[in-house]
Amino acid sequence: MMNERLRMVQDLIDKGYIKSESVRRAMERVPRDEFIPEDERHRAYLDMPLPIGEGQTISAPHMVAMIAELLDLERGMKVLEVGTGCGYNAAVIAEIIGREGHLYTIERIRSLYERARRKLEALGYDNITVIHGDGSRGYPPEAPYSRIYVTAAAPYIPDPLREQLEVGGKLLIPVGSDKFYQELVLVERLSSGDYRSRNLGGVAFVPLIGEHGWKFH
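What you see is a predicted model, and the numbers here were worked out from it, not measured in a lab.

Q: Requested: an account of the sheet that holds strand E3 (residues 78-82), with residues and values cited.
A: Taking strand neighbours across the sheet as the criterion, the seven strands line up as E5-E4-E3-E6-E7-E8-E9 in an open arrangement whose pairing is mixed. Each end of this open sheet is capped by a strand with a single partner; those strands are strand E5 (128-132) and strand E9 (194-203). The average undirected angle you get between the axes of adjacent strands in this sheet is 15 degrees.

Pasting the structure below:
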């Protein structure tokens, strides 16, 4: 499937989603088909979200590229991901920050947590730590983080996530309705108590469930 992967990456470059060499290399290296249930693998390199079980989805490749570009990642960064899902997005980010960096990722659904942890270990990602828990609370033991991104939509920006950013750090999160339409918000921490937010436009994500997210339906 390598040729399909390279074609997908070139298409994302042509459409302007991939702008940097680091994101291009990462998306060429990570096998999206490895993270998808077997009956969906024939669609692995189409630019669309796909079901991964438990009512969750793997994000469309263009959204993964957008997240990586907007985070403005550098090698050696410490990053927190909220919503591991199948682990594909985590793998792309881990490629960009390199072995010198580390990504902590939190998944609340145990079956997805177990599957992602096994897959990332099997693929050799020793710069990723997968955690089972409520991602809306962040992960205080390793805070502060250079970057935090959330792959599910929250009703508001959770205070714990803002507080776990280092000064100069960035948080990327979809905010709004839990009915598959939200605004993507980029928060920058300017000082210990000062933040700046920018609205980057409409997106569609599954809801963030947790103490600082939506309650269970």
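From this point, the discussion proceeds with the structure in view.
Q: Describe the pattern of salt bridges, naming the residues involved and giving the relevant values.
A: Applying the stated rule across the entire model yields 18 salt bridges. With a shortest N-O distance of 3.4 Å, Glu95 and Arg29 are connected by a salt bridge. Residue Glu95 is found in helix H4 (residues 88-97), and its partner Arg29 is found in helix H2 (residues 21-29); the two are separated by 66 residues along the sequence. The exposure class of Arg29 is partly exposed, given its relative accessible area of 47%. Asp72 is the partner of Lys170 in a salt bridge, and the nearest nitrogen-oxygen pair spans 3.8 Å. Of this pair, Lys170 sits in strand E7 (residues 165-176) while Asp72 is found in the loop between helix H3 (61-71) and E3, placing the two residues 98 residues apart along the sequence.

Q: How would you sum up the packing of H3 against H4? Please name residues and give values.
A: Geometrically, a packed helix pair is captured by the angle between its two axes and the distance between the axes. At a closest axis distance of 10 Å, the pairing of H3 and H4 adopts a crossing angle of 35 degrees. For the element pair H3 and H4, the recorded crossing hand is right-handed. Between H3 and H4, the residues in contact are Val64, Ile67, Ala68 and Leu71 and Tyr88, Asn89, Val92, Ile93 and Ile96, respectively. For the contact of H3 with H4, a count of residues per class yields eight nonpolar, one polar and no charged.

Q: Kindly report on the side chain of Thr84, identifying the contributing residues and their values.
A: Take Thr84: it is sitting in the loop between E3 and H4. Using a relative accessible area of 4% as the deciding quantity, one classes Thr84 as buried.

Q: Tell me about the side chain of Asp33, and name the residues and values.
A: Assignment of secondary structure puts Asp33 in the loop between H2 and strand E1 (50-53). At 4.4 Å, Arg5 is the nearest oppositely charged side chain to Asp33, a buried residue that forms no salt bridge. Excluding residues within four positions of it along the chain, Asp33 makes contact with Met1, Arg5, Arg41, Ala44 and Tyr45.

Q: Any details on the pairing of E3? Residues and values, ideally.
A: Buried residues dominate E3, accounting for four of its five residues. Remark: the E3/H4/strand E4 (residues 102-107) crossover connection has right-handed handedness. Summarising the sheet, E3 and strand E6 (residues 145-150) pair through four bridges and their orientation is parallel. Paired with Val82 across the two strands is Val150, which belongs to E6.

Calculation notes
Each chain has its residues counted from 1, following the order in which its sequence is written. For this predicted model, a pLDDT threshold of at least 70 governs which residues receive local features, and a threshold of 80 or more governs which side-chain atom pairs are given and counted, while totals over whole chains, interfaces and linings are taken from all residues. Computation of side-chain values: all heavy atoms of the structure, hydrogens and water removed. Between any two strands, at least two bridges found by DSSP are needed for them to pair. Numbering of helices and strands runs from the N terminus; a helix is a DSSP stretch of H or I covering at least four residues, while a strand is a stretch of E covering at least two. Geometry is summarised by axes, namely lines fitted to C-alpha atoms with helices restricted to the contacting stretch, and by angles between N-to-C directions that run from 0 to 180 degrees. When a carboxyl oxygen of Asp or Glu is within 4 Å of a side-chain nitrogen of Lys or Arg, the pair counts as a salt bridge. Think of it in three bands: with a 1.4 Å probe and only protein chains considered, a residue is buried below 20% of the maximum accessible area for its type, exposed above 50%, and partly exposed in between. In this scheme the handedness of a crossing depends on how the near helix is turned from the far one: anticlockwise by less than a right angle means left-handed, clockwise means right-handed. Any two residues whose heavy atoms approach within 4.5 Å are treated as being in contact. Gly is placed with the polar residues, together with every amino acid not listed as nonpolar (Ala, Val, Leu, Ile, Met, Phe, Trp, Tyr, Cys and Pro) or charged (Asp, Glu, Lys and Arg). We count Lys and Arg on the positive side and Asp and Glu on the negative side, and we leave His and both chain ends out. If you view a crossover with the strands going away from you and the path from the first strand over the helix to the second runs clockwise, you call it right-handed.

Limitation: the analysis is restricted to geometry and does not speak to function.
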